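Here is what each chain is made of, one letter per residue.
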Amino acid sequence: MYRKKILISAMMITLCATCTFAADLEAKVEKNKVVKKYPQISKLIEYNNYNEADNALKDLLKTNPDNIDALALQAVSMAKQHKLAPAQSQIDRLIKKYPKNADLHYAQGMVYMMRQTSSDVDYIKQSRNLTTNAIKEFVNAVNLNNNHYEAYNAMGVATLKLGNRKDAIELFNLALQIKPDFAPAYDNLGNVAMLENNLDQAEKYFKQSLKYNSHNPTTMYHLGQVEAKRKNYSNAL
């Protein structure tokens, strides 16, 4: 094992009149030996196969209703499905008792990120604060489990949302160092490349993402966007 050092801009942000960031904050991720439980269920959740994941979790919880690892993943699944009220309720119930469970902090970060897609005006107004709070939770997750590639990836998405492409790329690559076949990180790198109008590189990343998750409609849509930007409209369909 080794120490990972990641530069996280906007982990803690001081807003000024011009809405610029404070100096970047360097976060040290502590070395640990946490082994992720139920990796196949985690993969199902990350690849949006929620029904299969939820059924597997229900089976685990029938055997042991207090299985904290299964309960934490259940909160993650609910958050990613926009079931935010029950996800938050479950997190609130568990995190006081299990403050060192990385997946609970990851789930809380996902709730904060998903709140931003709400039609609730109050949440829309709080978008920047929600993103900042999400980053803090993702940092908590990787400090508790420095192999939590989903949290690195999600932190990259949040960091990109705040306008920092450089750190976002670093975070996506950290996720891939841990899990080289993690399709969402390739998709996110493709999005950054497309933002920079590097369409050939974007196409490579999107195809790499589809190599590991061939039925991802989001990545297929992104490939279509690449072709549209090239004005290859027939290929974009």
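Just above, that's the structure.
Procedures and definitions
Chains are numbered independently. Their residues run from 1 in the order of the written sequence. The model is predicted, so local features are restricted to residues of pLDDT at least 70 and side-chain atom pairs to those at 80 or more, both for listing and for counting; the totals for chains, interfaces and linings are taken over all residues. Values reported for side chains reflect all heavy atoms of the structure, with hydrogen atoms and water molecules removed beforehand. Side-chain rings of Phe, Tyr and Trp (the six-membered ring for Trp) are treated as a pair once their centres are within 6.5 Å; stacked means planes under 30 degrees apart, edge-to-face means over 60, and tilted covers the remaining angles. Numbering goes from the N terminus for both helices and strands, where a helix is a DSSP run of H or I of at least four residues and a strand is a run of E of at least two. Only protein chains enter the accessibility calculation, which uses a 1.4 Å probe; a residue is then buried when its area is under 20% of its type maximum, exposed when over 50%, and partly exposed in between. Each residue after the first adds 1.5 Å to the expected span of a helix. Pairs of N or O atoms are called polar contacts if they sit within 3.5 Å, as long as, within protein, a hydrogen donor faces a hydrogen acceptor (for residues adjacent in sequence, only side-chain-to-side-chain pairs). Space inside and on the surface of the protein is sampled on a 1 Å grid over the protein atoms alone, with a cavity defined as a set of points where a 1.4 Å probe fits but cannot get out and a pocket as an open set with protein on both sides within 12 Å along at least 5 of 7 lines; lining residues have an atom within 4 Å of a point. Grid points are joined across faces, edges and corners, and a volume is the space filled by probe spheres set on the points. Polar here means any residue other than Ala, Val, Leu, Ile, Met, Phe, Trp, Tyr, Cys and Pro, which are nonpolar, and Asp, Glu, Lys and Arg, which are charged; Gly is therefore polar. Lines fitted to C-alpha atoms define the axes, with helix axes restricted to the stretch in contact, and inter-axis angles between N-to-C directions lie between 0 and 180 degrees. Our angle categories are set so that under 35 degrees counts as roughly parallel, over 145 as roughly antiparallel, 65 to 115 as roughly perpendicular, and the remainder as oblique. For a crossing to be left-handed, the near helix must be turned anticlockwise from the far one by less than a right angle; the clockwise case is right-handed. In what follows, residue pairs with any heavy atoms lying within 4.5 Å of each other are defined as contacts. What is meant by a nonpolar core is a set of buried Ala, Val, Leu, Ile, Met, Phe, Trp, Tyr and Cys residues, joined one to another through side-chain atoms within 4.5 Å.

Topic: the packing of aromatic side chains
- Throughout the structure, instances matching the rule amount to 3 aromatic pairs.
- Seen in terms of ring centroids, Y149 and F182 are 4.9 Å apart; in terms of plane orientation they differ by 70 degrees. Their pairing is edge-to-face. In this pair, Y149 is assigned in helix α8 (residues 149-161) and F182 in the loop between α9 (165-178) and α10 (183-195), connecting sequence segments 33 residues apart. Summarising the burial analysis for this pair, Y149 and F182 share the class buried.
- Measuring from centroid to centroid gives 5.8 Å for Y186 and Y212, while their planes differ by 25 degrees, and the two rings are stacked. Highlighted residues: Y186 in helix α10 and Y212 in helix α11 (residues 199-212), separated in sequence by 26 residues.
- Relative accessible area serves as the criterion here: at 27%, Y212 is assigned to the partly exposed category.

Some thoughts on α8
- In this model, α8 (13 residues) spans 18 Å end to end at C-alpha, consistent with the 18 Å of a helix rising 1.5 Å per residue.
- When you tally the buried positions in α8, you get 10 out of 13 residues, the bulk of the element.
- What α8 keeps buried is the set Y149, E150, A151, Y152, N153, A154, M155, G156, A158 and T159.
- Two residues or fewer past α8, G163 is found with a positive phi of approximately 100 degrees.

Let's talk about α9
- Between the first and last C-alpha of α9 there are 20 Å, a value that for 14 residues agrees with the 20 Å anticipated at 1.5 Å per step.
- Within α9, burial applies to D167, A168, L171, F172, L174, A175 and L176.
- With a side-chain oxygen positioned 3.3 Å from the backbone nitrogen of K166, the residue opening α9 is N164.

Here we look at the layout of surface pockets
- Considered as a void within the structure, the largest pocket measures approximately 680 Å³ in volume.
- As for the largest pocket, its lining consists of 24 residues, of which K80, M110, M114, V157 and N188 are closest to the centre.
- Of all elements in the fold, only α5 (102-115), α8 and α10 reach the threshold of two or more residues within the lining of the largest pocket.
- No other element matches α8, which puts 6 residues into the lining of the largest pocket.
- Considering only residue class, the lining of the largest pocket consists of 11 nonpolar, 8 polar and 5 charged.

Looking at the packing of α10 against helix α12 (residues 217-229)
- Two elements in contact, α10 and α12, have axes separated by 11 Å at closest approach and are oriented at 20 degrees. Judged on the interaxial angle alone, α12 and α10 are roughly parallel. Note on packing geometry: the crossing formed by α10 with α12 is left-handed. Residues D187, N191 and M194 of α10 pack against T218, T219, H222, Q225, V226 and K229 of α12.
- Here the contact of α10 with α12 is built from residues that sort into 2 nonpolar, 5 polar and 2 charged.

Looking at the nonpolar core
- Counting 55 residues, the largest nonpolar core has I45, Y106, M110, F138, M155 and F182 as the members making the most contacts within it.
- Examining the composition of this core, we find that 9 residues originate from one element, helix α3 (residues 68-80), more than from any other.
- When neighbours within four sequence positions are excluded, F138 is seen to be in contact with Y106, G109, M110, M113, A151, A154 and M155.
- One finds A193, A202, L210 and V226 within the second-largest nonpolar core, a separate group that totals 8 residues.

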